[in-house]
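# Per-entry structural report
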Amino acid sequence: MNYNKLQALAANTAAIETAYRVRNEKRTATAAERETLSLYSGFGGIKEVLDLGTNAPMSDKMKQTLDHLVCVLQAIAQDDETLYRELVDSIKASVLTAFYTPKFLIEAVTDQIRATFQANGLLMKSFLEPSAGIGGFLPVSMPDTYKAAFEKDLATGLVLSALQPDTKAVIGGFETIKAQELEYDTFDVIASNIPFGTINVFDADFERRGTPYKQSLKAIHNYFFIKAMELLNEGGLLAFITSRGVADSPSNRFVRDYLVHHAHIITALRLPDTLFMQTGGIEVGSDLIILQKDSHKQNLTTRERLFLETCRERTSQGLETEHANKAFSLPQSTLSTGTTIGTNQFGKLVRKYEWNGTEEAIHQRLAEILRANFTHYFKPSLFGGQKQAQPQQGAMLSLFDLFG
């Protein structure tokens, strides 16, 4: 099914309206309301929201739906013009990065992580989703797992809290985690589809430290990897869907070096360029990186040494591609049925990966790769090697302090 931005906009508006009603009435969502909330997919593929508050020309149907969104946001703000502007600005800011993960990928990752814990008799005491959207990765948790989720976008955070009432949801940036009243300060599993881009992050703790900490503040995807690894318990798992720049950019070698010396690579998988077409209507390169923390790691594997390196390809016309990570030249390192050299969304020459098959087939193939990776690389003996997540004392803050 092709992405339909008008349907997505209508579904998002309905979800925000439903979430506000649930919060305002101080109750949990009904089954029907949960279905409405679950259809929220963010505004990554809907550039028209950038025209909110302007007189830009658009189709009648799109304008009507955008006008409805404005009414919903105004109702939430309750005549607070500052809050209304914050809601609008938050939605606009999400347009470039809010591309939601297809369900098959989330299911394959969460099922494998949960199965690994169960097969090895490990307890998942704490889970963190640092860029949660509506909490796609929360199903990875086990029955007694403490779950925390961060979502910076105000409207999305409203939907998240209504859809995930058993989760400590924080409407704020991941960099604010130390200021939050969470029950745990470190986590057994951290998983997310993280933001990307040369967006500066302010983290006072990282500012005081040297490379790679301070350097990571210059790009949000680099920051998420290093911050998450710092918050992970020994032997714990980090699973991120990320832009290819983390692996491919020569300037990001410092991040890769930090990661392979603090963790074992379980999975480094290049995903199809069309992965987000159905959820955001965009073709974009992305990777799935799964790591197991080992602060006392001594040696690197061949795959991990390759992960540090990048190279260019030369075409038959004598042109060179952009840099690509050498680890993705290994067998079973791409989720694809074919590959060609072409231009990406920025007009750069790159190697592109495609999947010409059904969603069921790609789900099955991904599950097979993950099963093999975890069987071969996951080390149960590392888990709990140091102090486990410690409960913190203190009162829980209201999720909606931001809304007044």
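Residues numbered from 1 in each chain as written. Predicted model: local features only at pLDDT ≥ 70, side-chain atom pairs only at ≥ 80, totals over all residues. Heavy atoms only, no water.

The nonpolar side chains of soluble globular proteins are, as a tendency, buried together. L128, F187 and F225 are the most contacted members of the largest nonpolar core, which has 43 residues in total. Top contributing element to this core by residue count: helix α9 (residues 220-230), with 7 residues. L66, V88, I134 and L163 belong to the second-largest nonpolar core, a separate cluster that totals 38 residues. (Core = buried A, V, L, I, M, F, W, Y, C linked by side-chain atoms within 4.5 Å. Buried < 20%, exposed > 50% of the residue type's maximum accessible area, 1.4 Å probe, protein only. Helix = DSSP H or I, 4+ residues; strand = E, 2+ residues; numbered from the N terminus.)

Moving on, we come to the packing of aromatic side chains. If you walk through the whole model with that rule in mind, you get 12 aromatic pairs. Taking 5.4 Å as the distance between ring centres and 45° as the angle between the ring planes, the aromatic pair formed by Y146 and Y184 counts as tilted. Residue Y146 is located in strand β2 (residues 146-151), and its partner Y184 is located in the loop between β3 (168-171) and β4 (187-193); the two are separated by 38 residues in the primary sequence. On the basis of relative accessible area, Y184 is assigned to the buried category, the value being 12%. Ring geometry for F174 against Y223: centres 6.3 Å apart, planes inclined by 65°, an arrangement best described as edge-to-face. Taken as a pair, F174 in the loop between β3 and β4 and Y223 in helix α9 lie far apart in primary sequence, 49 residues in all. This pair shows no difference in class: F174 is buried, exactly as Y223 is. (Phe/Tyr/Trp six-rings, centres within 6.5 Å; stacked < 30°, edge-to-face > 60°.)

For the rest of this paragraph, the subject is the side chain of E234. Tracing the chain through its elements places E234 in strand β5 (residues 232-243). Of the side chains bearing the opposite charge, K293 lies closest to the buried E234, which forms no salt bridge; the N-O distance is 4.5 Å. Of note is the side chain of E234, whose polar atom sits 2.3 Å from the side chain of S295. (Lys, Arg positive; Asp, Glu negative; His and termini not counted. Salt bridge = Lys/Arg side-chain N within 4 Å of Asp/Glu carboxyl O. Polar contact = N/O pair within 3.5 Å; in protein donor to acceptor, adjacent residues only side chain to side chain.)

Bringing the environment of Q317 into the picture now. For Q317, the location among the structural elements is in the loop between β8 (310-311) and β9 (324-325). Residue classification places Q317 among the exposed positions, given a relative accessible area of 61%. In this structure the side chain of Q317 is engaged in a polar contact, spanning 3.0 Å, whose partner is the side chain of S316.

Let us now look at the pairing of strand β7 (residues 286-293). Of all 8 residues that make up β7, 8 are buried, and the element is covered over most of its length. As defined by bridge partners, strand β6 (residues 263-270) adjoins β7 across 7 bridges and the pair is classed as antiparallel. Bridge assignment links L269 to a residue of β7, and that residue is L288. (Pairing = 2+ DSSP bridges.)

By volume, the second largest pocket is sized at about 820 Å³. Lining the second largest pocket are 33 residues, and of these R244, G245, D248, S249 and F346 sit closest to its centre. When contributions to the lining of the second largest pocket are tallied by element, the ones reaching two or more residues are α9, α10 (245-248) and β11 (349-354). Residues of the lining of the second largest pocket, tallied by class, amount to 8 nonpolar, 15 polar and 10 charged. (1 Å grid on protein atoms, 1.4 Å probe; cavity = no way out; pocket = protein on both sides within 12 Å on 5 of 7 lines; lining within 4 Å. Points joined across faces, edges and corners; volume = space filled by probe spheres on them. Nonpolar A, V, L, I, M, F, W, Y, C, P; charged D, E, K, R; others polar.)

Note that F224 resides in helix α9. Between the C-alpha atom of F224 and that of P130, which follows or precedes it by 94 residues, the distance is 8.1 Å.

Moving on to the sheet that holds β2. Here 7 strands make up an open sheet; going across it, the order is β3-β2-β1-β4-β5-β7-β6 and the pairing mixed. The open sheet has two edge strands with one neighbour each: β3 and β6. Between one strand axis and the next, the sheet turns through 10° on average, direction left out of account. Along the sheet face, helix α5 (residues 103-119) touches β4, β5 and β7 and points at about 170° away from the line of β5. (Axes fitted to C-alpha atoms, helices over the stretch in contact; angles between N-to-C directions. Contact = heavy atoms within 4.5 Å.)

For the rest of this paragraph, the subject is the side chain of S161. Mapping S161 onto the fold places it in helix α6 (residues 154-163). There is a polar contact of 2.9 Å between the side chain of S161 and the backbone oxygen of L158.

Attention now goes to the pattern of salt bridges. All told, the structure shown has 21 salt bridges when counted by the stated rule. For R21, the salt bridge is made with E33, and the minimal N-O distance between the two is 3.7 Å. Residue R21 is found in helix α1 (residues 5-24), and its partner E33 is found in helix α2 (residues 31-38); the two are separated by 12 residues along the sequence. The class for R21 is partly exposed, based on a relative accessible area of 33%. E33 gets classed as buried once you look at its relative accessible area, which sits at 10%. Among the ionic pairs, K227 bridges to D203, the shortest N-O distance being 2.9 Å. Residue K227 is found in helix α9, and its partner D203 is found in the loop between β4 and α7 (204-207); the two are separated by 24 residues along the sequence. Residue classification places D203 among the buried positions, given a relative accessible area of 5%.

A few words on the confidence of the model for the protein. On average, residues of the protein carry a pLDDT of 89, and 92% of them reach 70 or more. Contacts of residues 386-404 to residues separated by more than four positions or lying in other chains number 46 contacts, the stretch itself having pLDDT below 50. (pLDDT = per-residue confidence, 0-100.)

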